[in-house]
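Topology and contacts: notes
Take a look at the letters that make up each chain.
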Amino acid sequence: MARLSQEIILDMAEKIIYEKGMEKTTLYDIAGNLNVTHAALYKHYRNKEDLFQKLALRWLEETSREIFAWTKNADKSPNDDLHDWLWLLAETKKKLFDNDRKMFLLYTDYIEQNSELVTNHLEHLAQKAEEISGRANQGAAIITAFVYFHNPYFAHRWSRAGHAELFEEVWSLFK
């Protein structure tokens, strides 16, 4: 067997969570599937909550990578850049929901229950909005104005007809 690492543990945890859900997944399940004792997991994680938090953070970082790596286009105005970035944010969340609803809902439900994770993610989004737009101290307002297009609470509505048109209507209030 390969040497036990955080990545190997997280990969197995994700596999089991997909099958059983977060509530029913235990450290014993993860350890058993890795052919190690559950005590071996404590060398890498303090407890189940610590492991799940790291797993959720990994998912959030992986799925948000393109959003936070996005750079301004020198040929566009800051407003046009902000528009394009907000649309990327909306489309990224929509694709995640459409491609694997079960994991999207498992992770977002878990993240929504952890106010520190939510706060950090929203602050990071707000900082990126300010960086792109040049609108100092307005990032939180920008992200809040477009909450319908990125908050998992609204995910079941993102495939409705008129979604892109609604985005443009909200954007028109911003110009």
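Calculation rules
Residues numbered from 1 in each chain as written. Predicted model: local features only at pLDDT ≥ 70, side-chain atom pairs only at ≥ 80, totals over all residues. Heavy atoms only, no water. Helix = DSSP H or I, 4+ residues; strand = E, 2+ residues; numbered from the N terminus. Buried < 20%, exposed > 50% of the residue type's maximum accessible area, 1.4 Å probe, protein only. Polar contact = N/O pair within 3.5 Å; in protein donor to acceptor, adjacent residues only side chain to side chain. Contact = heavy atoms within 4.5 Å. UniProt positions renumbered as here; feature names shortened; annotations may be inferred. Expected span 1.5 Å × (residues − 1). Arc of directions from axis to C-beta. Phe/Tyr/Trp six-rings, centres within 6.5 Å; stacked < 30°, edge-to-face > 60°. Domains from an automatic or database assignment. Buried area = accessible area lost by both parts, 1.4 Å probe. Salt bridge = Lys/Arg side-chain N within 4 Å of Asp/Glu carboxyl O.

Per an unreviewed UniProt entry, the protein goes by TetR family transcriptional regulator and derives from Listeria welshimeri.

Following the sequence through the fold, R58 ends up in helix α4 (residues 48–69). A relative accessible area of 10% places R58 in the buried class. A polar contact is formed between the side chain of R58 and the side chain of D11, at a distance of 2.9 Å. Not counting residues up to four positions away in its chain, the partners in contact with R58 are E7, L10, D11 and E14.

The positions UniProt marks with the feature "domain: HTH tetR-type" (unreviewed entry) are residues 3–63. In residues 3–63, the share of helix is 70% and the share of strand is 0%. The end C-alpha atoms are 27 Å apart.

The next thing to look at is helix α7 (residues 115–133). The end-to-end C-alpha separation of α7 is 27 Å, in line with the 27 Å expected for 19 residues at 1.5 Å each. Burial in α7 covers these residues: L117, V118, H121, L125, A126, K128, A129, I132 and S133. Buried residues in α7, looked at end-on, bunch into an arc of 165°, giving them a common side. Residues of α7 that are exposed and point over 90 degrees away from its buried face: S115, E116 and Q127. Check the buried side of α7 and you find it contacts α4, α5 (78–99), α6 (101–112) and α8 (139–145).

Aromatic ring pairs are described here by two measures, namely the spacing of the ring centres and the angle between the planes. Counted by the stated rule, this structure contains 16 aromatic pairs. Summarising the aromatic geometry, the rings of F97 and F104 are spaced 5.4 Å apart at their centres and angled 70° between planes, so their arrangement reads as edge-to-face. Like F104, F97 is buried. Where Y153 meets F154, the ring centres are 5.0 Å apart and the plane angle is 90°; that geometry is what we call edge-to-face. Residue classification places F154 among the buried positions, given a relative accessible area of 17%. Taken together, the aromatic side chains of W87, F146, Y148, F149, Y153, F154, F167, W171 and F174 make up a single cluster linked through ring pairs.

Structurally, the protein comprises domain 1 (1–45) and domain 2 (56–173). The distance between the C-alpha centroids of domain 1 and domain 2 comes to 31 Å. Buried area between domain 1 and domain 2, both sides added, is near 790 Å², and the carbon and sulfur share of it is 59%. By the criterion of area lost to domain 2, the three top residues of domain 1 are E14, Y18 and M22, representing 70% of everything that side buries. Connecting domain 1 to domain 2 are three salt bridges. Summed over the shared surface of domain 1 and domain 2, the number is four residue pairs in polar contact (both at pLDDT 80 or more).

Moving on to the UniProt feature "DNA-binding region" (unreviewed entry) in the protein. In the numbering used here, UniProt assigns the "DNA-binding region" (unreviewed entry) feature to residues 26–45. The distance from the first to the last C-alpha atom of residues 26–45 is 13 Å, and the span holds 60% helix and 0% strand.

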